[in-house]
Amino acid sequence: MATTSKRPAALEIPTGTENALGQAQTWEGSLEDLRGLVSDRAITGETMLLNLGPHHPSTHGVLRLLLELDGEEIISCLPDIGFLHTGIEKNIESKTYEKAVTLTDRMDYLAPMSNNMVFSMAVEKLTGLDVPERAQVIRVICLELTRLNSHLVWLGTHAMDLGAMSVFLYCFREREYILDLFEKLGGQRMMTSYIRPGGVWRDLTEDFLPALEKFLGYFPGRIDDYEKLLTDNPIWIDRTQGIGVVEPEEAIALALSGPCLRGSGVNYDIRKAMPYSGYENYEFNVPLGEHGDVYDRYIIRVQEMRESVKIIHQGIKKLASTSGHFRSSNRKFVPPPRAELGRSMEAVIHHFKLWTEGFSVPDEEVYVAIESPRGEIGCYLHGTGGNKPRRVHFKTPSFIHISALGKLTSGHMLADLVGIVGSIDCVLGDSDR
Amino acid sequence: MHIPDALAPAATFEEHLPGVLKGTHEFREELTLIVDPADIERAIHFLRDTRGLIYNYLSDISAVDYFDSVKGYGDYGDRPARFGVSYHLYSLLYNRRIRVKTFVDEDVAIPTLTTLWEGANWLEREIFDMMGIHFDGHPNLRRVLMPADWEGHPQRRDYPLGYETVMFSFNADEINKHKPYVKE
């Protein structure tokens, strides 16, 4: 059949009432498809099936939950994701390594630096590329700022879901300042692409450090303000304590990570366990919870914000004492600075090679994991020996945490679901990729 | 509490489960154990529960397609089959990582890990969705990211990225003929 369309046959959607297998297509779906996933009472109509989302404001994006309700009690909860699937992993397979960094921003749009970092670290591990000390310190400062940024958005929206409206406005005020800081760094507020293989894109601008110190001066007081509004608030305590409890063994079985795992008391923070980018040289605590409920996960994230402030302070001190460049000077992987191009023929050749062909990595696989604000974000990278990856897979914390929602919510009231979904801090761009 | 000394995974394998280990590979200090697909659950159960190993945290399951568009089907270099499935485990006790890898073809199913970690559920669903690899005994092996009626497995190397032809007046009729518009 001659056609101008380049769509492969596999993508053609069959027309008519039958699909390619000859089965009748209906738009209603059948309850029989859900047998085994919901209780048998739902099939007979004794309990109610309720569709929450994907356009519900408390789902923080496009998360769809199919709930089975007995009155107001949740019997089972089936999360449905994929509405934000953009094929980032597939796209990266057709890009060179340097170009792929910009795509990683778009996964977890509240923590772009963590995504840049994990991908850059995977590339550095595959190629054996060095990262200068100064670049490592800048990276740590950026990662902790990202953690503050992400936790502020989480705190604001989580509190608003549970009815504390004013916290949202305060959190976004401070978050706005962090985005301004990012703009000073890389020219972009959200999709920074600042951390690149071999270091960071450019050195800190002159106005960055004074602005950062101003922020650090007033920010701890602002955390006190949030805590004043929430921590001892009886309504907040009623809504969060004893809700969505995860036992430590269960948390490990569900492969949770980050504050969700530490909320249950499991001490696993990759910054401490397997330090990267020089985290072993910083002094900070890893807050742990006791009860594994929504309240503990809240407290942990608030304390993590205080720890992040401590780390950034130490980072600024280190910055003054470390010499060196902000990016590796290995010209086989890192393009030369613009100024060199007018003087050196070699620089022109390197520049041309890197921006057309890119660099090649060995036909091997690596797995790198770092502690993102949400938990363990992992990057599995498999090279081909050429300039494009064979496969890149991101193990994202939101994906795992959403898969655990069914376990976390069953037996709770419908109103508590909002608190539990908020407490696992899912970002749908992160889970769907 | 006395914590037993950490053991070398490959040597412990040979001692207790002889013949299961098909090979090891090390790259940039990452140790990979290669096992047959049928042995995957047994091997990982052993790694999780043996004294001195205790790889008790499931970090990730990833799959890779070795199909080469130049060489075509059947030529996967020194790899025995088309797909590689990598299980990344972490030991909370000994603070170390390991990769267990297995090679499968399209028609071979791998035993599920959902019996060991519930968190493996969606990771395996994602691999089924993206690569079309089946997992035996999985409670709910449906697509997770792509729509339920999607055809094909997008992360396979022979699956094109795809794009839409730009519509101009000279080719609009031809393109419209093939678009899946809703029919009245």
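Definitions and limits used
- Residues numbered from 1 in each chain as written.
- Chains lettered and ligands numbered in written order.
- Predicted model: local features only at pLDDT ≥ 70, side-chain atom pairs only at ≥ 80, totals over all residues.
- Helix = DSSP H or I, 4+ residues; strand = E, 2+ residues; numbered from the N terminus.
- Rg over C-alpha atoms; globule rule 2.2 N^0.38 Å.
- Buried ≥ 20, exposed ≤ 12 C-beta atoms within 10 Å, placed from the backbone.
- Contact = placed C-beta atoms within 7 Å.
- Pairing = 2+ DSSP bridges.
- Axes fitted to C-alpha atoms, helices over the stretch in contact; angles between N-to-C directions.
- Core = buried A, V, L, I, M, F, W, Y, C linked by C-beta atoms within 7 Å.
- Nonpolar A, V, L, I, M, F, W, Y, C, P; charged D, E, K, R; others polar.

S.K.: It is not clear to me how the overall build of chain B should be interpreted in this structure. Could you clarify?
M.R.: Across its full length, chain B carries 4 helices and 7 strands. Written out in order from the N terminus, the α and β elements of chain B read α-β-β-α-β-β-β-β-α-β-α. For 184 residues, the compact-globule formula gives about 16 Å, and the C-alpha radius of gyration of chain B, at 21 Å, lies well above that figure. In terms of principal-axis extent, the alpha carbons of chain B reach across some 75 × 35 × 30 Å. For chain B, with 184 residues in total, the buried portion stands at 34%.

S.K.: Looking at this model, I keep getting lost on the overall build of chain A. Mind explaining?
M.R.: In terms of helices and strands, chain A carries 18 helices and 8 strands. Over its C-alpha trace chain A gives a radius of gyration of 24 Å, about what one expects of a compact globule, namely 22 Å for 433 residues. Expressed as a percentage of the 433 residues in chain A, the buried residues total 46%. A separation threshold of at least 6 residues defines the contact pool for chain A, and within that pool the share at least 24 residues apart is 67%.

S.K.: Would you take a moment to explain the sheet that holds strand β7 (residues 375–382) of chain A for this structure?
M.R.: Residues and elements named next belong to chain A. Taken in spatial order, the 3 strands make up an open sheet running β6-β7-β8, and their pairing is antiparallel. Each edge of the open sheet carries a strand with a single partner, namely β6 (365–372) and β8 (391–395). On average, each strand axis in the sheet is tilted by 15 degrees relative to the strand beside it, whichever way the strands run. Pairing between β7 and β8: 5 bridges, direction antiparallel. Pairing of G378 across the sheet is with K395, part of β8.

S.K.: What is the right way to read the environment of S94 of chain A from this model?
M.R.: Within the fold, S94 of chain A resides in the loop between α2 (88–92) and α3 (97–105). Here S94 of chain A falls in the exposed class, since 11 other C-beta atoms lie within 10 Å of it. Sequence separation between S94 of chain A and P248 of chain A is 154 residues, and the spatial gap between their C-alpha atoms is 41 Å. When sequence neighbours within four positions are dropped, the list of residues in contact with S94 of chain A reads K388 of chain A together with L161 of chain B.

S.K.: Explain the nonpolar core to me, please; I cannot follow it from the model alone.
M.R.: A general feature of soluble globular proteins is that nonpolar side chains tend to end up buried together. By size, the foremost hydrophobic cluster in this structure holds 140 residues, and its most contacted members are V118, A122, L256, V368, I370 and C379 of chain A together with L89 of chain B. The biggest single contributor to this core is helix α5 (residues 133–161) of chain A, with 14 residues. Those residues in contact with L89 of chain B that sit more than four places away from it in its chain are I44, L47, Y55, Y57, L58, S59, R97, I98 and V100 of chain B.

S.K.: I'm lost on the interface of chain A and chain B in this one. Help?
M.R.: Facing the 45 residues of chain A at the interface are 41 residues of chain B. Listed by contribution, the elements that provide at least two residues to the side of chain A that touches chain B are α2, α9 (248–253), β6, β7, β8 and α15 (397–403) of chain A. Here the residues of the side of chain A that touches chain B sort into 20 nonpolar, 13 polar and 12 charged.

S.K.: Whenever I open this one, the sheet that holds strand β3 (residues 57–65) of chain B confuses me. Can you help?
M.R.: The pairing of strands in a sheet comes from backbone hydrogen bonds and takes either a parallel or an antiparallel form. Residues and elements named next belong to chain B. Taken in spatial order, the 5 strands line up as β1-β2-β5-β4-β3 in an open sheet, and their pairing is mixed. Of all strands in the sheet, those bounded by a partner on one side alone are β1 (21–27) and β3. Neighbour to neighbour, the strand axes of the sheet diverge by 25 degrees on average, direction disregarded. One ladder, built from 8 bridges, connects β3 with strand β4 (residues 83–91); its direction is antiparallel. By the bridge assignment, A63 is partnered in β4 with V85. In the packing of helix α2 (residues 40–49) onto the sheet, the strands contacted are β2 (30–35), β4 and β5 (96–104), and the crossing angle to β5 comes to about 170 degrees.

S.K.: So what exactly am I meant to see when it comes to the environment of A347 of chain A here?
M.R.: Residue and element names in this part refer to chain A. If you trace the backbone, A347 turns up in helix α14 (residues 345–356). A residue is classified by how many C-beta atoms lie within 10 Å of it, and A347, with 18 of them, is partly exposed. The spacing of A347 and P336 is 11 residues in sequence and 6.0 Å in space, taken between C-alpha atoms. When neighbours within four sequence positions are excluded, A347 is seen to be in contact with P336, E340 and L341.

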